[in-house]
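An overview of the molecular structure
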Amino acid sequence: MRILMITLSISSLFLTGSGFAADWPQWFGPNRDGISFETGVLKNWPDSGPAVLWRTPLGEGFSGIAIARGAAYTMFAEGKDEYAVCLDAATGEERWRVKTGSNFSDWQGGNGPRATPIIDKERAFFLGANGQLYALNVEGGETVWSHHLQTEYISDPPHWGFSTSPLIEGDLLIVEVGGSSGKSFIAFDKTTGNVAWASQDDAPSYASPIAITVSDVRQIVFFPASGLVGVAAKDGRFLWRYPWQTGPDVNAATPIFLPPDRLFISSGYGKGATVIQLISQNDQFVVKKVWFNRSMKNHFATSIHHEGHLYGFDNAILKCIAADTGQEQWRKRGFQKGSLIFADGLLIVLGEQGKLALVEATPEAYIEKASAQVLSPRCWTPPTLANGRLYLRNHNEMVCLDLSR
């Protein structure tokens, strides 16, 4: 009995509020940091790459792929319409689709939805590129509740559409709405859709929020057009702010928490990167800049933090920099504007042109273990890893690869 209780206790450490560790139930993984708990990743590939388990056509869009309890969820556009879709994660067979609005059109970057759904027990939450927020039943896709951010909260969407992925914090669904009159950030009751709290007046950008705890204060960190903002998770009370404006208001990469009290942010358009420290003071926080430089300029792909180093794309160059100083450790071209996640001591890198690579997560040098061409361009959606399967998409199709050893 004692052994059983110890086993259960250890297992509980790998659970998040939105799914099991083997799943990938939200934007950028179980803990929203791009890190998978999986081990046994296949390190030796044939020239053609890992075995393809299935491929399926998929319409326009850059929405990430969430995996929960045997189902894959994402968004796409087809013709004039935008859809939320649920597929069988093992076979790629479509279970259901729900129209969520009209197709978002963008001649520069590409049409279709941007945000990644988040899955919580019996509900899946989707945010369309035009601001339609849906809570859908995971079994059949029935609408539980919905909101239209533009019409209900007078939100002015960013130039390239609503792109931030919703966050679940306890009983709340937290969204960067960008609404006026103190409705930039809104926490909805995830069961009813009622507004639990609203906060601030910041114009929206493209980065997804994260939840962190510093000095025993649970807080939500947003990265809107004005810069980093921290508010209390329970009621939206303002805690701190760090100005950071980028070119055409493009703060796109998700902030990275560096425990116990630091945050890393980066953006493109020549801006650069910084690490800040949060210092608790009189029920709020003082923000101290630790370092700033231009060695890492994340245009839109979020970096990975592992053992004191940050791995990410400085525009179109894959780099490793030291988290404590920002000093560059190595660089590698050839992926263009790619994306990456981490698993089993490895970086899983997907290049813009569809090149997939396994790279050792070490500051010593760029060490490539395997690579293959697995998709055609354009690949701007980060990989998803769940239960030994790697899920990738471009603007035309979705593919599932066997990455188990």
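Everything below is about the structure shown above.
Residues numbered from 1 in each chain as written. Predicted model: local features only at pLDDT ≥ 70, side-chain atom pairs only at ≥ 80, totals over all residues. Heavy atoms only, no water.

**A few points about the sheet that holds strand 3 (residues 71-78)**
As a reminder, the rule being used: Criterion used throughout: strands pair if DSSP finds at least two bridges between them. What counts as a helix is a DSSP run of H or I of at least four residues, what counts as a strand is a run of E of at least two, and both are numbered from the N terminus. Axis lines are fitted through C-alpha atoms, for helices just across the contact stretch, and the angle between N-to-C directions can take any value from 0 to 180 degrees.
The antiparallel open sheet is built from four strands, whose spatial order is 2-3-4-5. This sheet does not close on itself; its edge strands, each paired only once, are strand 2 (66-68) and strand 5 (94-102). For this sheet, the mean inter-axis angle between neighbouring strands, taken without regard to orientation, is 25°. Here strand 2 pairs with strand 3 via three bridges, running antiparallel. Its bridge partner lying in strand 3, Ala 68 is registered against Ala 71.

**Observations concerning the pattern of salt bridges**
A side chain of one charge can pair with a side chain of the opposite charge when the charged atoms of the two come close. Under the convention used in this document: We count a salt bridge whenever a side-chain nitrogen from Lys or Arg sits within 4 Å of a carboxyl oxygen from Asp or Glu. Relative accessibility decides the category of a residue: with a 1.4 Å probe and only protein chains considered, values under 20% of the type maximum give buried, values over 50% give exposed, and everything between is partly exposed.
Applying the stated criterion to the full structure yields 18 salt bridges. Glu 78 is the salt-bridge partner of Arg 97, the closest N and O atoms lying 3.3 Å from each other. Here Arg 97 is found in strand 5, whereas its partner Glu 78 is found in strand 3, with 19 residues between them in sequence. Residue Asp 88 pairs with Arg 95 through a salt bridge whose shortest N-O separation is 3.2 Å. On the accessibility criterion, Arg 95 (45% relative accessible area) is partly exposed. Salt bridges here are not isolated pairs; linked through shared partners, they connect Lys 297, Asp 314, Lys 319, Glu 328 and Arg 331.

**What about the side chain of Glu 176?**
Selection rule: Here a polar contact is taken to be a pair of N or O atoms separated by no more than 3.5 Å, where protein atoms must pair a possible hydrogen donor with a possible acceptor and residues adjacent in sequence count only if both atoms sit in side chains. The contact criterion used throughout is that any non-hydrogen atoms of two residues lie within 4.5 Å.
By secondary structure assignment, the location of Glu 176 is in strand 11 (residues 172-176). Side-chain polar atoms of Glu 176 contact the backbone nitrogen of Ser 205, separated by 2.8 Å. The residues contacting Glu 176, other than those within four sequence positions of it, are Thr 164, Ser 184, Phe 185, Pro 204, Ser 205, Ala 207, Phe 222, Phe 223 and Pro 224.

**Considerations on the nonpolar core**
For soluble globular proteins, the rule of thumb is that nonpolar side chains tend to be buried together. Heads up, the condition is: Among buried residues, those of type Ala, Val, Leu, Ile, Met, Phe, Trp, Tyr and Cys that are joined through side-chain atoms within 4.5 Å constitute a nonpolar core.
Ranked by size, the top nonpolar core spans 54 residues in total, and within it Ile 348, Leu 356, Leu 390, Tyr 391 and Leu 392 carry the most contacts. Among the elements that line this core, the one with the most residues is strand 27 (residues 346-350), at five residues. Ignoring sequence-local partners within four residues, the contact set of Leu 390 consists of Ile 341, Ile 348, Leu 356, Pro 383, Thr 384, Leu 385, Val 399, Cys 400, Leu 401 and Leu 403.

**Describing unusual backbone geometry**
Looking along the chain, the bond that leaves Pro 259 and enters Pro 260 is cis, with omega of 10°. Tracing the backbone shows Pro 260 in the loop between strand 18 (256-258) and strand 19 (262-267). With an omega dihedral of 5°, the bond running from Pro 377 to Arg 378 counts as a cis peptide bond. Examined against the element boundaries, Arg 378 turns out to sit in the loop between strand 29 (368-373) and strand 30 (384-386). With a phi angle near 55°, Ser 181 is a residue other than glycine that sits in the positive phi range. Summarising the element assignment, Ser 181 is placed in the loop between strand 11 and strand 12 (185-189). Assessed through its relative accessible area of 63%, Ser 181 is described here as exposed. Positive phi values are uncommon outside glycine, yet Asn 387 reaches one of about 55°.

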